[in-house]
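# Structural features, examined
Okay, here's what each chain looks like letter by letter:
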Amino acid sequence: MDPIPLIIIILPGLANIFYRVNIKLAGAVSASLTVALSLFLYTQLPLTGLFYIDRITWVFLVMVSSVYLLSTLYSWEYVNSIRNRGISQNNYYLLLNFFTASMFFSLVMNNYGFMWVGIEATTISSALLLVTEKSDVSLEATWRYIILVSAGVTFAFISVILIYYHFGTLDVYTILHSGGTASVVIKIAVAVALVGFGTKVGVFPVHTWLPDAHSEAPSPVSAMFSGVLLPVALYVLYRIYEISPFPQLYTWFAVISIAAASLFLAYQRKYKRMFAYSTMENMNLALFGFALGGAGVIGALLLLVSHSFGKAGAFYSSGNILKSSEKRDIAQIKGIWKGMPYTSSSLLLSSLAVTGTPPFGTFVGEFIILYAAVVTHAFLQFGIVLFFLMAAFISVNYNITGMIFRGSSDLKEPGKTMPIISLISSIIPLIIGVVIIGGFFNVLV
Amino acid sequence: MSPIDYAVFLIAAFATISGFYIQGQEYISSMVKGQLVQSSIIALISFILAYYEHSIDLLILGILIAFLRGFLITYFLDKRVPGRMTYVYESNVNVASLLLIDLAFIVVGIFIIYSIVFTSADLVTKFGPSSILVFPLSLFFQGLFLIGSRRSTFSQIIGYIEEENSLVLFALFLVPVPIIIEASVFLDVLALVVISSILVIEKFRHYPMEELRG
């Protein structure tokens, strides 16, 4: 057994040993180590046995560890300045570390049952993070998150039972290399998984927890939710989908979800909710790519990686604005570019990134997914998706440019590290896009 | 069918009846007791199957259900029920009409599953054809309906536990998943109930909020 995946799972938990000493610093050190180990793991691929890690898993591991590092660093100033705390600072870092460990667990385990357990554990470990900034609204959002996601994910366990019924094993590697199956039982399992894990991914109409949880969570946690939690659930869903692809069902659900998210985006009044719906749109676009297969999978991975940093940047920027203004409405934020140059830049870059503007990495991902749709003759889906992607682009960027450039305000940057981390996170999707477009695509893939 | 098969059918039917009992309650403590009975019924089925199949795994599963669901979860929920009577009574609930809607929901849901899904999928349970799965499925729909139809945190937690109970029953009749997975699932659910019971103190009832609209 290769010890590195085990160390990656354990490291965030190990940081919790320093609960009473300096859990903040321990969390940052563990996050840095998980980034280094995740990158190093590429040389050991593929891994099978207790863990199943191929190149796709590796992409997700790097994504989770990187956003974990950024969120931990961002939390230093952010959590410190919260006045009405629902949980203590130390408990916040403790839960953040467990939350990350449960995501790593879901990703690397070579067993569908344990993947389900990991996804459920992400709900348990992250639920109380939502009440870090305590209010009646955040308590309600937390409850909706717990009950809707748990009730939804319960469906997914039916898939796990059906998979075990058919194969007599839950070993991911063995099942995926068993040569495929046309069994109706497995088709049902794949379909039920869409409802079950789809709840966590944000598939319409079981997405309703998503905007509430994202808007009420502290910004670094929103960044983790949007940037990596939903992709981890999507990864597990994809691993089930791979057993016996059901493209008609998955692509149409993804297309309908993109359309719904785009329509919801059009009338949002709060910027964090707007970004939450943008996440729903991006996750379903990635699901569309995975369901199309072939180049669509590469496009989905590129989209997810770029989106994770872009959306983290968007939520960090939102956190800066919220700290500075204490206002959540788009209409109440005007002309922040003078007083908040770093936040304005990161907000603009991240909103362009999450809406798939060239030359960001998200654009490359979206382009490849749409190309895959054309190649597989999914012309109707292609047309619908393209239309709603443009609608979402207009909705998000119209509001964001208004917040940055329209009018004037005397808002100032809320701290030193928060704006810088927002900016770093927002620039990464641009770098990814430029590097890929610049010709490094073949080397990476 | 052997007499033992009939016995399991009968006991499983009681699990469904316990679901109706929970749905028909307005007092939280009665619902918690209903959950205790339901979990005990499922533990009993596991013990019976363990005895006749000589399965240690099913015996452990039965013990886990009895201890984690029957005892610990009931203990956590019971401890959180406030002492004052006004708090434990879920007002504005028309139990009679909810029971009727619940019944209709279950009948329609199961009809769809059997007529569309199970006709093409050749599912063979330990008790022959898939007819025995009607009990876990009806329990699953009851859990979902309880979550959807009630406003109090307690009722929704119990609805969620009902859903989880139905999955245990479903696996028991179809194919019990490895005990290590089942045990992890039980611990997950227990942890979730503990977390939820913390929230119960802060927020007892749930209503639509303007801030979370749209």
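Residues numbered from 1 in each chain as written. Chains lettered and ligands numbered in written order. Predicted model: local features only at pLDDT ≥ 70, side-chain atom pairs only at ≥ 80, totals over all residues. Heavy atoms only, no water.

## Side note on the overall build of chain B
The helix and strand tally for chain B stands at 8 helices and 0 strands. Counted from the first residue to the last, chain B has its helices and strands arranged as α-α-α-α-α-α-α-α. At 18 Å, chain B has a C-alpha radius of gyration in line with the 17 Å of a compact globule built from 214 residues. C-alpha extents for chain B along the principal axes are approximately 50 × 35 × 30 Å. Relative to its 214 residues, chain B shows a buried fraction of 55%. Of the contacts made within chain B by residues no fewer than 6 positions apart, 78% connect residues no fewer than 24 positions apart. Carbon and sulfur atoms form 70% of the exposed surface of chain B, whose accessible area is close to 9,100 Å². (Helix = DSSP H or I, 4+ residues; strand = E, 2+ residues; numbered from the N terminus. Rg over C-alpha atoms; globule rule 2.2 N^0.38 Å. Buried < 20%, exposed > 50% of the residue type's maximum accessible area, 1.4 Å probe, protein only. Contact = heavy atoms within 4.5 Å. Areas by Shrake-Rupley, 256 points an atom, 1.4 Å probe, with all protein chains shown as cover.)

## Quick notes on the pattern of salt bridges
All names here are of chain A. Tallied over the full model, the rule gives 7 salt bridges over all chains. Among the salt bridges present, the one from Arg-144 reaches Glu-140, with a minimum N-O distance of 3.3 Å. Pair noted here: Arg-144 and Glu-140 are both in helix α6 (residues 136-167), with a separation of 4 residues, about one helical turn. The class of Arg-144 is buried, set by a relative accessible area of 18%. Taken together, the shared-partner salt bridges in this structure form one network comprising Glu-140, Arg-144, Asp-212 and Arg-273. (Salt bridge = Lys/Arg side-chain N within 4 Å of Asp/Glu carboxyl O.)

## Considerations on the interface of chain B and chain A
At the junction of the two partners, chain B supplies 47 residues and chain A supplies 45 residues. Across the chain B to chain A interface the summed buried area is about 4,000 Å²; carbon plus sulfur atoms make up 75%. Our count for the contact surface shared by chain B and chain A stands at 0 salt bridges. Inspection of the region where chain B meets chain A yields 3 residue pairs in polar contact (both at pLDDT 80 or more). Counting only elements with at least two residues in the side of chain B that touches chain A, the list comes to α5 (95-120), α6 (134-149), α7 (153-174) and α8 (179-202) of chain B. When residues in the side of chain B that touches chain A are grouped by element, the largest group, 13 residues, is from α8 of chain B. (Buried area = accessible area lost by both parts, 1.4 Å probe. Polar contact = N/O pair within 3.5 Å; in protein donor to acceptor, adjacent residues only side chain to side chain.)

## Looking at helix α15 (residues 361-375) of chain A
Working note: α-helix, 3.6 residues per turn, so residues spaced by three or four point in the same direction. All names here are of chain A. Spanning 15 residues, α15 covers 21 Å between terminal C-alpha atoms, matching the ideal 21 Å at 1.5 Å per step. Taken residue by residue, α15 has Gly-361, Thr-362, Val-364, Gly-365, Glu-366, Ile-368, Ile-369, Leu-370, Ala-372 and Ala-373 as its buried positions. Positive phi appears at His-377, one or two residues downstream of α15, with a value of about 60 degrees. (Expected span 1.5 Å × (residues − 1).)

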